[in-house]
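Breakdown of the fold
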Amino acid sequence: QQQVKQSPQSLIVQKGGISIINCAYENTAFDYFPWYQQFPGKGPALLIAIRPDVSEKKEGRFTISFNKSAKQFSLHIMDSQPGDSATYFCAAGTGGFKTIFGAGTRLFVKA
Amino acid sequence: KAGVTQTPRYLIKTRGQQVTLSCSPISGHRSVSWYQQTPGQGLQFLFEYFSETQRNKGNFPGRFSGRQFSNSRSEMNVSTLELGDSALYLCASSLEGLGETQYFGPGTRLLVL
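Residues numbered from 1 in each chain as written. Chains lettered and ligands numbered in written order. Predicted model: local features only at pLDDT ≥ 70, side-chain atom pairs only at ≥ 80, totals over all residues. Heavy atoms only, no water.

1. Focus: the sheet that holds strand S1 (residues 4-7) of chain A
Residue and element names in this part refer to chain A. Spatially, the five strands line up as an open sheet ordered S1-S3-S8-S7-S6, and their pairing is antiparallel. A single partner strand is all that each edge strand has here, and the edge strands are S1 and strand S6 (56-59). Averaged over all pairs of adjacent strands, the angle between their axes in this sheet comes to 15 degrees, without regard to strand direction. One ladder, built from six bridges, connects strand S3 (residues 19-25) with strand S8 (residues 72-77); its direction is antiparallel. In the strand pairing of S8, Ala 24 is matched with Gln 72. (Pairing = 2+ DSSP bridges. Helix = DSSP H or I, 4+ residues; strand = E, 2+ residues; numbered from the N terminus. Axes fitted to C-alpha atoms, helices over the stretch in contact; angles between N-to-C directions.)

Put into structure tokens, the structure is as follows:
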């Protein structure tokens, strides 16, 4: 009930393509769904986050799609660039309780 | 504002030793959390401190402990180190708690020989 399942484990995308990473959760108490981006040698940094009262949130080339009934959410990176090559973590949390992270997706964007 | 800082950045210890890692949160942030990151297990939550009190705890043995000071700075201690403790230890801070954005430090990379 506390798991967040993330897929795929790794992803290779051509420059200009769309990168899609999916996550699924079980605990309906979660009400905060952030995505973090981590470059080698750095800590994770918040990329974009969504609350369950909306089905989609877009910030630049990054979009979160949220399906409350299916308990799934996904990150779409449009026009993927080599600089987007990093590890991406989805997470789920609720106020006052620990945030559960997905296992991570290593994205490589080929130039 | 300065970000989350962690010291030291790298550490090499031997089995059986103990280690103390330090974290300074973003100014004004009262919640400090610690995570262990390994290639095989991803990001694992260790514990969270808020106003000098441990508020949440993950599933780690008692060898892992922490504390928070009145200025919100936090330390994490690992006693009787094991080879499996080799990992990147990340500290994250937030204004009030875990259900909001976590701001991560660069981490301390610990190698246990």
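2. Section: the pairing of S6 of chain A
All names here are of chain A. In the sheet, S6 pairs with strand S7 (residues 62-67) via four bridges, with the strands oriented antiparallel. Directly across from Lys 58, in S7, lies its bridge partner Thr 63. Here S6 hands over to S7 after two residues, with Gly 60 in that stretch at a positive phi of 65 degrees.

3. A short note on the interface of chain B and chain A
Many structure descriptions define interface size as the accessible area lost when the parts assemble. Taken together, the contact pairs 19 residues of chain B with 18 residues of chain A. The junction of chain B with chain A conceals about 1,400 Å² of combined surface from both sides, 54% of it contributed by carbon and sulfur atoms. Viewed at the interface, chain A and chain B are joined by zero salt bridges. Viewed at the interface, chain A and chain B are joined by three residue pairs in polar contact (both at pLDDT 80 or more). A total of three residues in the side of chain B that touches chain A trace back to one element, the largest contributor, which is strand S5 (residues 42-50) of chain B. A class-by-class count of the residues in the side of chain B that touches chain A yields eight nonpolar, eight polar and three charged. (Contact = heavy atoms within 4.5 Å. Buried area = accessible area lost by both parts, 1.4 Å probe. Salt bridge = Lys/Arg side-chain N within 4 Å of Asp/Glu carboxyl O. Polar contact = N/O pair within 3.5 Å; in protein donor to acceptor, adjacent residues only side chain to side chain. Nonpolar A, V, L, I, M, F, W, Y, C, P; charged D, E, K, R; others polar.)

4. Concerning the state of the cysteines
Residues and elements named next belong to chain A. Inspection of the entire model under this criterion finds two disulfides over all chains. Between Cys 23 and Cys 90 runs a disulfide, and the two sulfur atoms are separated by 1.9 Å. Measuring the twist about the S-S bond at about -95 degrees, one finds the Cys 23-Cys 90 disulfide to be left-handed. Here Cys 90 lies in strand S9 (residues 86-92) and Cys 23 lies in strand S3, a separation of 67 residues in the sequence. Residues Cys 23 and Cys 90 agree in their burial class; the two are buried. (Disulfide = S-S within 2.5 Å. Buried < 20%, exposed > 50% of the residue type's maximum accessible area, 1.4 Å probe, protein only.)

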